[in-house]
2 protein chains.
Amino acid sequence: MVDLHDRKPPHQVVIVGGGFGGLYAAKALAKANVNVTLIDKRNFHLFQPLLYQVATGALSPADISSPLRSVLSKSKNTTVLLGEVNDIDTTEQKVMVGGETVPYDTLIVATGAKHSYFGKDNWEEFAPGLKTVEDAIEMRRRIFMAFEAAEKESDPAKRRALLTFVIVGGGPTGVELAGAIAELATQTLKEDFRNIDTSETKVLLLEGLDRVLPPFAPELSQEAQASLEALGVDVQTKTLVTNIENDIVTIKQGDEVKTIASKTVLWAAGVKASAMGKVLMDKTGAECDRAGRVIVEPDLSIKGHSNIFVVGDLANFAHQNGKPLPGVAPVAMQEGEYVAKLVQKRIKGETLPQFNYVDRGSLAMIGQHAAVVDLGFIKLKGFLAWFFWLFIHIYFLIEFDNKLVVMIQWVWNYFTRNRGARLITGKEMVKPVPVESNGHYQPVNTRQPLNV
Amino acid sequence: MVDLHDRKPPHQVVIVGGGFGGLYAAKALAKANVNVTLIDKRNFHLFQPLLYQVATGALSPADISSPLRSVLSKSKNTTVLLGEVNDIDTTEQKVMVGGETVPYDTLIVATGAKHSYFGKDNWEEFAPGLKTVEDAIEMRRRIFMAFEAAEKESDPAKRRALLTFVIVGGGPTGVELAGAIAELATQTLKEDFRNIDTSETKVLLLEGLDRVLPPFAPELSQEAQASLEALGVDVQTKTLVTNIENDIVTIKQGDEVKTIASKTVLWAAGVKASAMGKVLMDKTGAECDRAGRVIVEPDLSIKGHSNIFVVGDLANFAHQNGKPLPGVAPVAMQEGEYVAKLVQKRIKGETLPQFNYVDRGSLAMIGQHAAVVDLGFIKLKGFLAWFFWLFIHIYFLIEFDNKLVVMIQWVWNYFTRNRGARLITGKEMVKPVPVESNGHYQPVNTRQPLNV
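Being a predicted model, the structure only gives us computed values, none of them experimental. (Residues numbered from 1 in each chain as written. Chains lettered and ligands numbered in written order. Predicted model: local features only at pLDDT ≥ 70, side-chain atom pairs only at ≥ 80, totals over all residues. Heavy atoms only, no water.)

Caption draft 1: Looking closely at the overall build of chain A. Check the secondary structure of chain A and you find 11 helices and 25 strands. For chain A, contacts bridging at least 24 residues in sequence account for 63% of all contacts bridging at least 6. Just so you have it, chain A exposes about 17,600 Å², and 52% of that area is on carbon and sulfur atoms. (Helix = DSSP H or I, 4+ residues; strand = E, 2+ residues; numbered from the N terminus. Contact = heavy atoms within 4.5 Å. Areas by Shrake-Rupley, 256 points an atom, 1.4 Å probe, with all protein chains shown as cover.)

Pasting the structure below:
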């Protein structure tokens, strides 16, 4: 073990990733006698649990993003570095960020996960996932463009495919997306079109297991399914997706194979570890699980590298009940805070018992007045659960700025059933403008396409 | 003249463009005995006067965008069509939208303007303009990336160029951008960086004429310049930009030629008519001015085509004092409403006096507590003008939704001097992920179920 308290202060802590794990570690170190460098490839922390609301036009990306520099501006021992870590040197104790190197005494890796198509990467084109702001804007574009195209379509079969939304995966994200799209169709957009009746929209939620929200108690899964069905969502459990092509989803239910014609397929089914898992495997000899997550020690360090920690979705921590902890925000937060505390203890020559996750429960939103909350000792559903969900999410939005604006936006959305953030933006909307006065076609917008 | 009241009802009005001109025409026709089709290539109305606040990280695109369908959902005689008009047939009275045709009895063209580089289109790459949401997000990316790059730059000359912002054009947009960037640097970002002092940022505002805000009264131009200088902006009037290349702006002041090293050049200098001007010229024989704007009759129609109207930035209306009306929102609104009224009068066989623009004044924001307002009979500056500016902009934001959120956001920004919407997004931020170990990883159930 590296004898940390023998090294000269200030002790250098490098954190890779500004998600829940990395950011909570950095915040917990704000007053410690260490130097902290937080490295992220984006300049903001993203509150991922609300990303589905950006995808469905209820919130703007900035509503759920906090500039990392501004969150940490008061932490005078902390430097934020915008860049992507592409290598680690464990002998010289430094990380490589583009052309630069950043030395560390302690390294905390918290680069999270991305979505996975179980090896069928060609499905991504037809069924985008939801991990980044750009993903959410792309989902938003597809959802609202489908209604626009349906309004113009005269062929009934094509129109039906345009008004059919398939969500693959019945976990919290899938449930929340399905509920939100159903509400969009039956409430928000009801008065907006002249040729289509948006309440005829079909929303299918496909789940491989025998119930939605598998991590929840069975009665809450049942309750969630009933609430979704009340909103008009067609919930199909024990359903395996065997192929996704342009406009056609092939599913298998038992021995039966069916196809669904749908122009909008959304992926909420699987995740795998970010690429840093592979770097750590190569450079530290760390073991990874099938999803590429790094198997960590009881103190979240890597075996044989007691000064390198992995927290959040990238970590496989199985020391509690043999099963890896789930990839959710509370796990990442608690892991980040634990490592921050451990580093400070070690500097003083002290130690800390192994990491122990305190599960305060799970929650998922279905729609207006409908959610499920499983706190272990108590289970909530319906209005109370919905209210609790709102409260918790407001509470955890990191900056007060965001909390306030999101709250106002929600109150407004609630009373009007409106969703203001449904602008369609991005690459395909910036078209070359035809014919200039000199007679030849000239694209006007030659810059890089943008997502908002 | 087409005898409109002889045609069979319902009279078909087609409006091309959902900006201020087109949208106000549509709203004014909501209760008329006509059918209205509003065609726009975007699905939202953009409140362009606040676009500079999106570019400088104070607001989100959705805060200043209203879905056209939702603004017009109560107008049961109105259909919104998402698409781009690429041709007009004046004989058969129809417009072409992609593959479709839409017949009209009255046509109102309100497709506005885009920025112009006076024939130097190669400047656009280095000096983006500000007309669309995508433009604003690109400006935002450049502004915040410049600070990020400066934080990492060790060469003093390069760092200086990164912290030098050049705004070309001293009209309202240029003045507002310059003020906002100066405030960003000296207030919002002051505590956020560790290697640079953002208050050393240099903001240059270049104007060809002898004063900023040329349409305003000279004393307000002077006041605006003084306020900008108090914020640290270097205002250079009588300054012509002769070249813009990567990192270098060449200017001419009298006989003197200078160069400015700057990584971020923003264009707020010139506009030209949208491409529909050319289509109208070809198909109706309409005359256009140098900027491509269609010269209209006293009733805003095109000469020889009394049922085709042009309103807003695309129109050159010079029947008031010989000078074309300026390309600002109030002109477009009043023109749109005038044509809506005229169409209804004509259907009844009545007529209307020529269009008469009522100039209620001009206003421009400079920064906290600093703005200029010229109402003709009264001129305001400083705090009062600033407050008036806020009030007017809140008032005109079309949907109450937007008004409320923007107001809250501003109140919050005011007290904290924070700007929450400074996330850097877009294609360049989404990098390819490095090579995986054995081709592909197997996924595992972290949040979502595996076997879907």
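Caption draft 2: Summary view of the UniProt feature "domain: FAD/NAD(P)-binding" (unreviewed entry) in chain A. The feature "domain: FAD/NAD(P)-binding" (unreviewed entry), as annotated in UniProt, sits at residues 12–336 of chain A in this numbering. The distance from the first to the last C-alpha atom of residues 12–336 of chain A is 16 Å, and the span holds 28% helix and 29% strand. (UniProt positions renumbered as here; feature names shortened; annotations may be inferred.)

Caption draft 3: Region of interest: the packing of helix H1 (residues 20–28) of chain A against helix H9 (residues 329–347) of chain A. Residues and elements named next belong to chain A. Direction vectors running N to C along H1 and H9 enclose 35°, while the axes themselves pass 7 Å from each other. Handedness of the crossing formed by H1 with H9: right-handed. Only Ala329, Ala332, Met333, Gly336, Glu337, Ala340 and Gln344 of H9 make contact with H1, whose side of the interface consists of Phe20, Gly21, Tyr24, Ala25 and Ala28. Here the residues of the contact of H1 with H9 are counted per class, giving 8 nonpolar, 3 polar and 1 charged. (Axes fitted to C-alpha atoms, helices over the stretch in contact; angles between N-to-C directions. Left-handed = near helix turned anticlockwise from the far one by under 90°. Nonpolar A, V, L, I, M, F, W, Y, C, P; charged D, E, K, R; others polar.)

Caption draft 4: Main features of the pairing of strand E12 (residues 202–206) of chain B. All names here are of chain B. Taken across its 5 residues, E12 has 4 buried, putting it largely inside the fold. The pairing of strand E11 (residues 164–168) with E12 spans 5 bridges and is classified as parallel. From the neighbouring strand, isoleucine 167 faces E12, where its bridge partner is leucine 205. The β-α-β motif built from E11, the intervening helix H6 (residues 172–188) and the parallel element E12 has right-handed crossover chirality. Taken together, the 4 bridges between E12 and strand E13 (residues 233–236) define a ladder with parallel strand orientation. Looking at E13, one finds that leucine 206 is bridged to glutamine 236. Once you follow E12 into helix H7 (residues 218–230) and on to E13, the crossover reads as right-handed. (Buried < 20%, exposed > 50% of the residue type's maximum accessible area, 1.4 Å probe, protein only. Pairing = 2+ DSSP bridges. Right-handed = clockwise from strand over helix to strand, strands pointing away.)

Caption draft 5: Layout of the confidence of the model for chain A. Residues and elements named next belong to chain A. Across chain A, pLDDT averages 88, with 90% of residues at or above 70. The low-confidence segment residues 1–7, where pLDDT is below 50, has 13 contacts with residues more than four positions distant or belonging to other chains. Contacts from residues 428–452, a stretch scored under 50 in pLDDT, to residues over four places away or in other chains number 60 contacts. In the model output, the complex is listed with pTM 0.87 alongside ipTM 0.85. (pLDDT = per-residue confidence, 0-100.)

Caption draft 6: Highlighting the sheet that holds strand E9 (residues 106–109) of chain A. The strand order across the open sheet built from 6 strands is E5-E2-E1-E9-E21-E20 (chain A), with neighbouring strands paired in mixed fashion. In this open sheet, the two strands that pair with only one neighbour each are strand E5 (78–82) and strand E20 (301–302) of chain A.

Caption draft 7: View of empty space enclosed by the protein. Summed over the entire model, instances satisfying the criterion amount to 8 cavities of 30 Å³ or more. Of the pockets and cavities examined, the largest cavity occupies roughly 100 Å³. Taken together, Phe144, Phe147, Glu148, Leu189, Asp192, Phe193 and Arg422 of chain A together with Asn43, Pro67, Leu68, Arg69 and Val80 of chain B make up the lining of the largest cavity. Mapped onto the lining of the largest cavity, the elements with two or more residues apiece are helix H4 (133–152) of chain A together with helix H3 (68–71) of chain B. A per-element tally of the lining of the largest cavity places H4 of chain A first, with 3 residues. Its residues assigned to classes, the lining of the largest cavity shows 7 nonpolar, 1 polar and 4 charged. (1 Å grid on protein atoms, 1.4 Å probe; cavity = no way out; pocket = protein on both sides within 12 Å on 5 of 7 lines; lining within 4 Å. Points joined across faces, edges and corners; volume = space filled by probe spheres on them.)

Caption draft 8: Inspection of the sheet that holds strand E13 (residues 233–236) of chain A at higher detail. Residue and element names in this part refer to chain A. Spatially, E13-E12-E11-E17 is the arrangement adopted by the 4 strands of the open sheet, whose pairing is parallel. With partners counted over all chains shown, the strands left at the sheet margins are E13 and strand E17 (264–267), one partner each. The average angle at which neighbouring strand axes cross in this sheet is 20°, direction not considered. Pairing of strand E11 (residues 164–168) with E17 involves 4 bridges; the strand directions are parallel. Residue pairing for E17: phenylalanine 165 is matched across the bridge by threonine 264. Its contacts with the sheet put helix H6 (residues 172–188) on E11, strand E12 (202–206), E13 and E17, and the angle it makes with E12 is roughly 175°. Its contacts with the sheet put helix H7 (residues 218–230) on E12 and E13, and the angle it makes with E13 is roughly 145°.

Caption draft 9: Examining the packing of aromatic side chains more closely. Residues and elements named next belong to chain A. Within this structure, the stated rule accounts for 26 aromatic pairs over all chains. Between phenylalanine 147 and phenylalanine 193, the ring centres sit 6.2 Å apart and the planes meet at 35°, which makes this aromatic pair tilted. Note that phenylalanine 147 is positioned in helix H4 and phenylalanine 193 in the loop between H6 and E12, a separation of 46 residues in sequence. Residue class for phenylalanine 147 comes out buried when judged on its relative accessible area of 0%. (Phe/Tyr/Trp six-rings, centres within 6.5 Å; stacked < 30°, edge-to-face > 60°.)

Caption draft 10: Spatial organisation of the environment of threonine 79 of chain B. Structurally, threonine 79 of chain B is set in strand E5 (residues 78–82). When residues no more than four places from it in sequence are discounted, the contact partners of threonine 79 of chain B are Glu151 and Arg194 of chain A together with Val36, Thr37 and Leu38 of chain B.

Caption draft 11: Layout of the environment of leucine 240 of chain B. Considering the arrangement of structural elements, one finds leucine 240 of chain B in strand E14 (residues 240–245). Beyond its immediate sequence surroundings of up to four residues, leucine 240 of chain B is in contact with Gly208, Thr250, Ile251 and Lys252 of chain B.

Caption draft 12: Region of interest: the side chain of threonine 264 of chain A. Along the chain, the position of threonine 264 of chain A falls in strand E17. Apart from residues no more than four positions distant in its own chain, threonine 264 of chain A is found in contact with Arg142, Ile143, Ala146, Thr164, Phe165 and Val166 of chain A.

Caption draft 13: Layout of helix H1 (residues 20–28) of chain B. Among the 9 residues that make up H1 of chain B, 7 are buried, leaving the element largely enclosed by the rest of the structure. For H1 of chain B, every residue scored as buried is listed here: Phe20, Gly21, Gly22, Leu23, Tyr24, Ala25 and Ala26 of chain B.

Caption draft 14: Quick peek at the pattern of salt bridges. For the coordinates displayed, the defined rule picks out 30 salt bridges over all chains. Here aspartate 289 of chain A and arginine 293 of chain A are joined by a salt bridge, their closest N and O atoms 2.9 Å apart. Like aspartate 289 of chain A, the residue arginine 293 of chain A is buried in the burial classification. Among the ionic pairs, lysine 379 of chain B bridges to aspartate 374 of chain B, the shortest N-O distance being 3.5 Å. (Salt bridge = Lys/Arg side-chain N within 4 Å of Asp/Glu carboxyl O.)

Caption draft 15: Representation of unusual backbone geometry. Here the phi dihedral of histidine 369 of chain A falls at roughly 65°; this positive angle occurs in a residue that is not glycine. Here histidine 369 of chain A shows up in the loop between strand E23 (362–367) and strand E24 (370–374). When its relative accessible area of 30% is taken as the criterion, histidine 369 of chain A is described as partly exposed. The residue glutamine 93 of chain B is not glycine, and still its phi comes out positive at about 55°. Topologically, glutamine 93 of chain B is positioned in the loop between strand E6 (85–89) and strand E7 (94–97). For glutamine 93 of chain B, a relative accessible area of 13% translates into the label buried.

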